[in-house]
Amino acid sequence: MKQKVLKVHPHDNVLVALQDLEKEETVEYNGAVYTMQEKIPAKHKFAVASMKEGDAIYMYGVLVGRAQRTISAGSRIAVENVHHAANGYELAAQRKTTWQPPDVSRWQQKTFMGYHRADGSVGTANYWLVIPLVFCENRNVEVLKEALLPELGYARPGKYAAFTRSLAAKQQTGASPVQILETVYTEEASGAQHSRVFENVDGIKFLTHDGGCGGIRQDAQTLCGLLAGYITHANVAGATVLSLGCQNAQISMLQDEINKRDPGFSKPLYILDQQQTGAESQLITDAIRQTFAGLMIANQCTRQPAPLSKLCIGLECGGSDGFSGISANPAIGYTSDLLTALGGSVILAEFPELCGVEQEMSDRCRSVEDATRFIGLMRTYQQRAEEAGSGFDMNPSPGNIKDGLITDAIKSAGAAKKGGTSPVAAVLHYPEKVQLPGLNLLCTPGNDVESTTAEVGSGANVVLFTTGLGTPTGNPIAPVIKLSSNTKLYQLMNDIIDINTGTIIDGEETIAEAGERILDYVIQVASGAITAKSVLNGQDDFIPWKRGVSL
């Protein structure tokens, strides 16, 4: 029989409802019987014993909140009766880096088929980039996109264009608004597509943004660092960069950031300055010629076997629900441990979603320097959030709260499970590059797209993205593999979800079994054998993290 409730940690004083529980329904867990005082929706938690105002609430074995008023046993904990609370943290005298790696003998000799780069990195894809150094060049980037994609065979089929044409045809034959609204969509071929000119180039990606000028110099420097991270990325063969000329984000700044990440940088890189070039037509035709030549060079690279240690996986969650922290997140946490044991790298980001587990994460840092840096980044981030009139306690979204993540500490304790159990190899500030194998902590916002953008900029060549509510987030150059925390979501939105970990909630699979299945899937995606839904759907989200004011 499927279990109805779950205690995540032995020290917890709440239970998670794995299915809807009705008022006065009784449930048994580990020999104890609980009577529901109200309806408890699936994913929400209820108190196992009566609490009075101020009493601590524990989940995942850590403090996640305090009662705002009396809560009787069997009553739901909610924003009305609980407020955010988390334990303090400080630099510990000793490191807690003892770790029992999982058995990885099954993958020890496995490889993936990737694109080998001169700096020793290996890509899971082979893209060409077109990037503006400043928002003033966004239009020219779009002009290049219109000129290049259709003729080179990279234009996406307009699968909804035929539907629009059918509605127009109906309107012209006298259809009413009601008849239009009743028209059923069916997928149709949208016309012939050009075959790909460059067989070994997966695509040309055009990254537009609203930065590069008008803000503080530090934001321009950071933007150049992020763009350099994409240009030097293992999944990128080369790039075309458009500069206006007078902006804060100067060409020399970008080149310095490239050299920081790859001192021996040798990829084809074409930088065009509009104010020096003059006429727009000259800029665009120069860019087309140079990009075409670069694509010819990029096309010479083919997939070759590579050890799994060359994988760098970004760990992300978005649209989280009350099951995320007990199914999808621990599952990819186990995948993280597997890859770390194989010599690969993983990136855990979203620092506002490490609130409440700071002590654990800092204790797991191999070096005192990294532990000190992590604590400093967390405290500075929290302080700046408070100065802006907010705080980490305001991180949960309305969707999170509706589905049981009622405090940031509850959300964070579950989100941190993505990082597995291995020691922390390095702590990175945005947008630094991953240099060491193992678990890397990267300071980013909790915002899905900003964080995913950052992880890829730091070197992630695949991203594992868990969701409980459903989100289409992707990335221009790295496959973003979506994992649902529950089976209902997987069935509802399987056009954007790749893997279902609701099997854990359903009692069909253990966390370890799911984690192993995920690693096998990652290897196939990294080899080009399977295409992630985010790639199939052309979900090319790219948002740099801007922190300064506009001037």
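Residues numbered from 1 in each chain as written. Predicted model: local features only at pLDDT ≥ 70, side-chain atom pairs only at ≥ 80, totals over all residues. Heavy atoms only, no water.

**Overview of the side chain of Asp-448**
If you trace the backbone, Asp-448 turns up in helix 13 (residues 448–457). No salt bridge is formed by the buried Asp-448. Its closest oppositely charged neighbour is Lys-411, at 6.7 Å. Once residues within four sequence positions are removed from consideration, Asp-448 is found in contact with Glu-316, Cys-317, Gly-318, Gly-319, Phe-465, Thr-471 and Thr-473. (Helix = DSSP H or I, 4+ residues; strand = E, 2+ residues; numbered from the N terminus. Buried < 20%, exposed > 50% of the residue type's maximum accessible area, 1.4 Å probe, protein only. Lys, Arg positive; Asp, Glu negative; His and termini not counted. Salt bridge = Lys/Arg side-chain N within 4 Å of Asp/Glu carboxyl O. Contact = heavy atoms within 4.5 Å.)

**Overview of the sheet that holds strand 16 (residues 312–317)**
The seven strands lie next to each other as 18-19-17-16-20-21-22, forming an open sheet whose pairing is parallel. Strands with a single pairing partner mark the edges of an open sheet, and in this sheet they are strand 18 (424–428) and strand 22 (499–500). Docked against the sheet, helix 13 engages strand 16, strand 17 (345–348), strand 19 (438–442), strand 20 (462–467) and strand 21 (480–484), running at close to 170 degrees with respect to strand 16. (Pairing = 2+ DSSP bridges. Axes fitted to C-alpha atoms, helices over the stretch in contact; angles between N-to-C directions.)

**Some remarks on the pattern of salt bridges**
Under the counting rule described, the total for this entry stands at 18 salt bridges. As a salt-bridge pair, Lys-96 and Asp-363 come within 3.9 Å of each other at their nearest N and O atoms. In this pair, Lys-96 is assigned in the loop between strand 8 (82–83) and strand 9 (111–116) and Asp-363 in helix 9 (residues 358–363), connecting sequence segments 267 residues apart. The buried category is assigned to Asp-363, whose relative accessible area is 6%. Residue Glu-516 is joined to Arg-106 by a salt bridge in which the shortest nitrogen-to-oxygen separation is 3.8 Å. One end of the pair, Glu-516, is in helix 16 (residues 511–526); the other, Arg-106, is in the loop between strand 8 and strand 9, and 410 residues separate them in sequence. Each of Arg-106, Lys-110, Glu-516 and Asp-520 takes part in a single network of salt bridges with overlapping partners.

**A look at unusual backbone geometry**
Across the junction of Tyr-430 and Pro-431, the peptide omega takes the value 0 degrees, indicating a cis bond. Considering the arrangement of structural elements, one finds Pro-431 in the loop between strand 18 and strand 19. Backbone geometry at Glu-24 places phi at a positive 75 degrees, although glycine is not the residue there. Checked against the element boundaries, Glu-24 lands in the loop between strand 2 (14–17) and strand 3 (26–29). A positive phi angle is found at Lys-43, which is not glycine, with a value near 90 degrees. Topologically, Lys-43 is positioned in the loop between strand 4 (32–35) and strand 5 (45–47).

**Re the pairing of strand 9**
Strand residues, when the strand is regular, have side chains that alternate between the two faces of the sheet. The pairing of strand 9 with strand 15 (residues 304–307) spans four bridges and is classified as antiparallel. Within the sheet, the bridge partner assigned to Thr-111 lies in strand 15 and is Pro-307. Here strand 9 pairs with strand 10 (residues 122–123) via two bridges, running antiparallel. Across the sheet, residue His-116 finds its bridge partner in strand 10, namely Val-122. Hairpin connection of strand 9 to strand 10: five residues between the antiparallel strands, including Gly-120 at a positive phi of 95 degrees.

**Concerning the environment of Pro-472**
With respect to the secondary-structure elements, Pro-472 resides in the loop between strand 20 and strand 21. Judged by relative accessible area, which is 41%, Pro-472 ranks as partly exposed. Sequence separation of Pro-472 and Ile-504 is 32 residues, and the distance between their C-alpha atoms is 23 Å. Not counting the four nearest positions on each side in its chain, Pro-472 is found in contact with Lys-482, Ile-496, Gln-539 and Asp-541.

**Thoughts on a nonpolar patch on the surface**
On the surface, a nonpolar cluster with roughly 260 Å² of combined accessible area is contributed by Val-197, Phe-292 and Met-296. Within the secondary structure layout, Met-296 lies in helix 7 (residues 280–298). (Patch = residues over 30% accessible without salt bridge, like charges linked within 9 Å, V, L, I, M, F, W, Y side chains within 5 Å. Areas by Shrake-Rupley, 256 points an atom, 1.4 Å probe, with all protein chains shown as cover.)

**What to know about the sheet that holds strand 6 (residues 56–59)**
Pairing is antiparallel across the open sheet formed by three strands, whose spatial order is 6-7-8. Looking at strand neighbours, the two that pair on one side only are strand 6 and strand 8, the edges of this open sheet. Note: strand 7 (residues 62–67) against strand 8, two bridges, orientation antiparallel. Opposite Ala-67, over in strand 8, you have Val-82 as the bridge partner.

**Some points on the packing of aromatic side chains**
As enumerated under the stated definition, the model contains 10 aromatic pairs in all. A ring pair is formed by Phe-351 and Phe-374, whose centres lie 5.4 Å apart and whose planes are at 75 degrees; its orientation type is edge-to-face. On the criterion of sequence distance, the pair formed by Phe-351 in the loop between strand 17 and helix 9 and Phe-374 in helix 10 (residues 368–387) is long-range, its members being 23 residues apart. A single burial state applies to Phe-351 and to Phe-374, both of which are buried. (Phe/Tyr/Trp six-rings, centres within 6.5 Å; stacked < 30°, edge-to-face > 60°.)

**Remarks on the packing of helix 4 (residues 217–231) against helix 13**
Contact geometry for helix 4 and helix 13: axes closest at 8 Å, N-to-C directions at 60 degrees. Between helix 4 and helix 13, the interaxial angle falls into the category oblique. For the pair helix 4 and helix 13, the contacting residues are Leu-226, Gly-229 and Tyr-230 in the first and Thr-452, Thr-453, Ala-454, Val-456 and Gly-457 in the second. Classifying every residue of the contact of helix 4 with helix 13 gives four nonpolar, four polar and no charged. (Parallel < 35°, antiparallel > 145°, perpendicular 65-115°, else oblique. Nonpolar A, V, L, I, M, F, W, Y, C, P; charged D, E, K, R; others polar.)

**Quick word on the nonpolar core**
Counting 112 residues, the largest nonpolar core has Leu-254, Phe-351, Leu-441 and Ile-481 as the members making the most contacts within it. Beyond its immediate stretch of four places on either side in the chain, Leu-254 contacts Leu-133, Cys-224, Leu-227, Ala-228, Ile-231 and Val-241. Of all hydrophobic cores here, the second largest spans 21 residues; its members include Leu-149, Leu-152, Phe-198 and Ile-204. (Core = buried A, V, L, I, M, F, W, Y, C linked by side-chain atoms within 4.5 Å.)

**With respect to the environment of Arg-117**
For Arg-117, the location among the structural elements is in the loop between strand 9 and strand 10. Along the chain, Arg-117 and Val-236 lie 119 residues apart, while their C-alpha atoms are 9.2 Å from each other. Sequence-distant contacts of Arg-117, that is, excluding residues within four places in its chain, are made with Ala-125, Asn-126, Ala-234, Asn-235, Val-236, Ala-237, Lys-267 and Cys-301. One polar contact links the side chain of Arg-117 to the main-chain carbonyl oxygen of Ala-125, over a distance of 3.4 Å. (Polar contact = N/O pair within 3.5 Å; in protein donor to acceptor, adjacent residues only side chain to side chain.)

**Some points on the packing of helix 1 (residues 138–152) against helix 7**
Close contact between helix 1 and helix 7 brings their axes to 11 Å; oriented N to C, the two are set at 45 degrees. One finds that helix 1 runs oblique with respect to helix 7. Considering only the axes of helix 1 and helix 7, their crossing is right-handed. Contact residues: helix 1 offers Arg-139, Asn-140, Val-143, Leu-144, Ala-147, Leu-148 and Leu-152, while helix 7 offers Glu-280, Leu-283, Ile-284, Ala-287, Ile-288, Thr-291, Phe-292 and Leu-295. Within the contact of helix 1 with helix 7, the residues separate by chemical class into 11 nonpolar, two polar and two charged. (Left-handed = near helix turned anticlockwise from the far one by under 90°.)

**Some details on helix 7**
End to end, helix 7 covers 26 Å across 19 residues, agreeing with the expected 27 Å (1.5 Å per residue, within 8%). Every buried residue belonging to helix 7 is among Leu-283, Ile-284, Asp-286, Ala-287, Thr-291, Gly-294, Leu-295 and Ala-298, and all of these are buried. The buried residues of helix 7 occupy an angular sector of 165 degrees when the element is viewed end-on, so they sit on one face. For helix 7, the exposed residues lying more than 90 degrees away from the buried face are Ser-281 and Arg-289. At its buried positions, helix 7 is contacted by strand 11 (127–132), helix 1, strand 12 (203–206), strand 13 (236–243), strand 14 (269–273) and helix 6 (274–277). (Expected span 1.5 Å × (residues − 1). Arc of directions from axis to C-beta.)

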